[in-house]
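Coordinates in review
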Amino acid sequence: MNRACVIATVAVLLVSGGIVRGQAVPSNIGVNSTTMPAQLQNVGFDPQLNAQIPLDLPFVDENGSSVQLRDYFRQKPVVLAFVYYGCPMLCNQVEQGVVGALRMLSFTPGRDYEVVFVSFDPRESPDVAAQKKKSALDHFRRPETAAGWHFLTGTSESIDAATKAANFRYSFDAKTNLFAHASGIMLLTPDGRISRYFYGVEYPGRDMRLGLVDASAGKIGTPIDHVLLFCYQYDPSSATYSASILKIIRLGGILTVLCIVGGILIFRRRDAAHAGMNRARPAGTLNERGAH
């Protein structure tokens, strides 16, 4: 019991002290500003928690096969990102951010969760998607997880339906042949609802791990992950996990009481065992000691 108390106390100290600063939220996400250029007026990313992503939408995967989104929702959470593969900068950073964050986790793509990138450029082909998948796997350095990574292309109708459900808005500039768009990713439940989302191009490993555990409804993760979820709470306004001081204090109080009760029980057992040994000794032994 004492050992368990020590381990639990250390866990609380780590939780209370190991606060990692999350990705900052750009001030213009989801906000239309009259000071912005016209092509940026309707650009944003404002996903709503529990919103349903339509899973019957048809797409084409990196192998040229016809698929539906529901093909990737098999009792596992899904990491979903909207990008376009010909993007010269921002989308590459999103992809690298996803790969870097997931590489830090012990969870395995294809076994514990799925990773799905959807291009919002209807002109792109499966060949370009295949190149992006190869690049991602090269950086992920775990080729055995290839079955868990999916890079999709599709028609304007499918793309519009998926991005609209996620409230992901972008615009195309015909002069530059480029898209203006926001950046971020979503973690979806196995039935396709938005469970968590993160803004920007860098995603802290802690937030990604806790988000996947949350999205899986506890089906993946360790007991420590569930303790951390008790002590951390997700803030939709900042799209990050932050420590809940009140919950940490409550957990610390509970552990303290358990340690005290455990200590009392241990001492009582020792006293009872010692008394039993004394009663079991022969009376002659006690008399001999008294004579000396």
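All of the points below concern the structure found in this document. One numbering rule holds for all chains: residues counted from 1, following each sequence as written. Residue-level local features of this predicted model are given only where pLDDT is at least 70; pairs of side-chain atoms are given and counted only at 80 or more, and the full residue set underlies all totals for whole chains, interfaces and linings. Calculation of side-chain values draws on the structure's entire complement of heavy atoms; hydrogens and water are dropped beforehand.

Overview of the overall build of the protein chain
- Only DSSP runs of H or I reaching four residues or more are called helices, and only runs of E reaching two or more are called strands; each is numbered from the N terminus. A tally of regular secondary structure across the protein chain gives eight helices and twelve strands.
- Residue burial is assigned from relative accessible area. The probe radius is 1.4 Å, only protein chains are included, and a residue is buried under 20% of its type maximum, exposed over 50%, and partly exposed in between. Counting only residues that meet the buried cut, the protein chain has 44% of its 292 residues in that class.
- Contact criterion: two residues are considered in contact whenever any of their non-hydrogen atoms come within 4.5 Å of each other. Counting only contacts in the protein chain whose residues sit at least 6 apart along the sequence, the fraction spanning at least 24 positions is 71%.
- Under the convention used here, a 1.4 Å probe and the Shrake-Rupley method define accessible areas, while residue burial counts only the protein chains that appear. As presented, the protein chain carries roughly 15,400 Å² of accessible surface, and 58% of it is formed by carbon and sulfur atoms.

Re the packing of aromatic side chains
- Ring pairs are drawn from Phe, Tyr and Trp, using the six-membered ring of Trp, whenever the two centres fall within 6.5 Å, and their geometry is named by plane angle: stacked under 30 degrees, edge-to-face over 60, tilted for the rest. Following the criterion strictly, the structure yields 18 aromatic pairs and no others.
- With a centroid separation of 5.5 Å and an interplanar angle of 45°, the aromatic rings of Phe120 and Phe168 are classed as tilted. You can see Phe120 sitting in the loop between strand 5 (114–119) and helix 3 (126–140) and its partner Phe168 sitting in strand 7 (residues 168–173), a full 48 residues away along the chain.
- According to the relative accessible area criterion, Phe120 is buried, its value standing at 1%.

With respect to the nonpolar core
- Only buried residues count toward a nonpolar core, which is a set of Ala, Val, Leu, Ile, Met, Phe, Trp, Tyr and Cys residues joined through side-chain atoms within 4.5 Å. Counting residues in hydrophobic clusters, the biggest one holds 69 residues, and the most contacted among them are Leu102, Trp149 and Leu212.
- Once residues lying within four places of it in the same chain are set aside, the contact partners of Leu102 are Tyr113, Val115, Phe140, Trp149, Met208 and Leu212.

Considerations on the pairing of strand 9 (residues 184–188)
- Most of strand 9 is tucked away: five of the five residues are buried.
- Where burial is concerned, the two faces of strand 9 agree: the one with Gly184, Met186 and Leu188 and the one with Ile185 and Leu187 are both buried.
- Here three bridges tie strand 4 (residues 78–83) to strand 9, and the two strands are oriented antiparallel to one another. Residue Leu80 lies in a different strand from strand 9, and its bridge partner there is Met186. In this description, strands pair whenever DSSP reports at least two bridges between them.

Function cannot be read off these values alone, since they describe shape.
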